[in-house]
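Given next are the chains, with one letter for each unit.
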Amino acid sequence: GVGRGSYVGIAVDVETTGLDPRTGQVIELAVRRFRYDADGLITDIDRAYEWREDPGEPLDPDISALTGLTDADLAGCEIDTDGATRLLRSASFVVAHNSGFDRTWVEQRLPEAAGLNWVCSMRQVDWRARGFDGRVLGYLLVQNGFYHCGHRASSDVDALIEMLRHRDATGRTALSEMIERGSRPSWLVRAKGAHFDVKDQLRAQGFRWDSDLKVWAKEVD
């Protein structure tokens, strides 16, 4: 059980066969729960869970080069749907570095885990104000004095948790900042009636295709 004054978050990362959830599949899912206190200090990190899944078709060579995964690595593998769903539902929130990407894939693969509280460590932390030049996970990590094997789900999850420990000049953790910003109300802007020809412009401005509502949408502060 979780002791008094202790809260639970869960970090997530997925590797996929492509960028479009309508045509692609998840090939690797990693999750790790962590506990934190009221000051946003991470106090405990639980064991790592990682699953691979056979997409039933050969991987694109670019995806193999990016992730290091091969068809042989995935052959016969399957994500533990019930186990992964239970883990995701056991936390106060789910965090990913670019959660707009990961959430879509996770909810598509694990529909019983849809509608949870998600926050984004990339967009809901002001990394520039914390002295970083960018917000890509690998770059943040290097500037923070660490390195990792990027584009593998378990490594990215651990890197994300490490970055949430970062303290600014006042001692405030990135986790604390992210939770505060993630708790504020936000607006969902939909580009209803947008012509097909402007889809690239919408994507460049951060809009994502909502396949259920058949509309381009973007969440803003």
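Structural notes, computed from the coordinates. (Residues numbered from 1 in each chain as written. Predicted model: local features only at pLDDT ≥ 70, side-chain atom pairs only at ≥ 80, totals over all residues. Heavy atoms only, no water.)

**Side note on the sheet that holds strand S7 (residues 208–210)**
- Here three strands make up an open sheet; going across it, the order is S6-S8-S7 and the pairing antiparallel. In the strand order of this sheet, the two ends are held by strand S6 (187–190) and S7, each with one partner. Between one strand axis and the next, the sheet turns by 45 degrees as a mean value, whatever way the strands run. (Pairing = 2+ DSSP bridges. Helix = DSSP H or I, 4+ residues; strand = E, 2+ residues; numbered from the N terminus. Axes fitted to C-alpha atoms, helices over the stretch in contact; angles between N-to-C directions.)

**Focus: helix H6 (residues 153–164)**
- Over its twelve residues, H6 extends 17 Å from the first C-alpha to the last, a length consistent with the 16 Å expected when each residue adds 1.5 Å.
- Every buried residue belonging to H6 is among Ala153, Asp156, Val157, Ala159, Leu160, Ile161, Met163 and Leu164, and all of these are buried. (Expected span 1.5 Å × (residues − 1). Buried < 20%, exposed > 50% of the residue type's maximum accessible area, 1.4 Å probe, protein only.)

**So, a negative patch on the surface**
- A surface patch of like charges, here negative, comprises Glu78, Asp80, Asp82 and Glu112.
- By secondary structure assignment, the location of aspartate 82 is in helix H3 (residues 81–89).
- A relative accessible area of 54% places aspartate 82 in the exposed class. (Patch = residues over 30% accessible without salt bridge, like charges linked within 9 Å, V, L, I, M, F, W, Y side chains within 5 Å. Areas by Shrake-Rupley, 256 points an atom, 1.4 Å probe, with all protein chains shown as cover. Salt bridge = Lys/Arg side-chain N within 4 Å of Asp/Glu carboxyl O. Lys, Arg positive; Asp, Glu negative; His and termini not counted. Charge placed at Lys NZ, Arg CZ, Asp CG, Glu CD.)

**A short note on empty space enclosed by the protein**
- Per the stated rule, a full pass over the model turns up one cavity of 30 Å³ or more.
- By volume, the largest cavity amounts to about 30 Å³.
- Around the largest cavity sit Val14, Val26, Leu29, Ile79, Trp105, Val106, Arg109 and Leu110, which together line it.
- In terms of residue count, the dominant contributor to the lining of the largest cavity is helix H4 (residues 99–109) (three residues).
- Residue classes in the lining of the largest cavity are distributed as seven nonpolar, no polar and one charged. (1 Å grid on protein atoms, 1.4 Å probe; cavity = no way out; pocket = protein on both sides within 12 Å on 5 of 7 lines; lining within 4 Å. Points joined across faces, edges and corners; volume = space filled by probe spheres on them. Nonpolar A, V, L, I, M, F, W, Y, C, P; charged D, E, K, R; others polar.)

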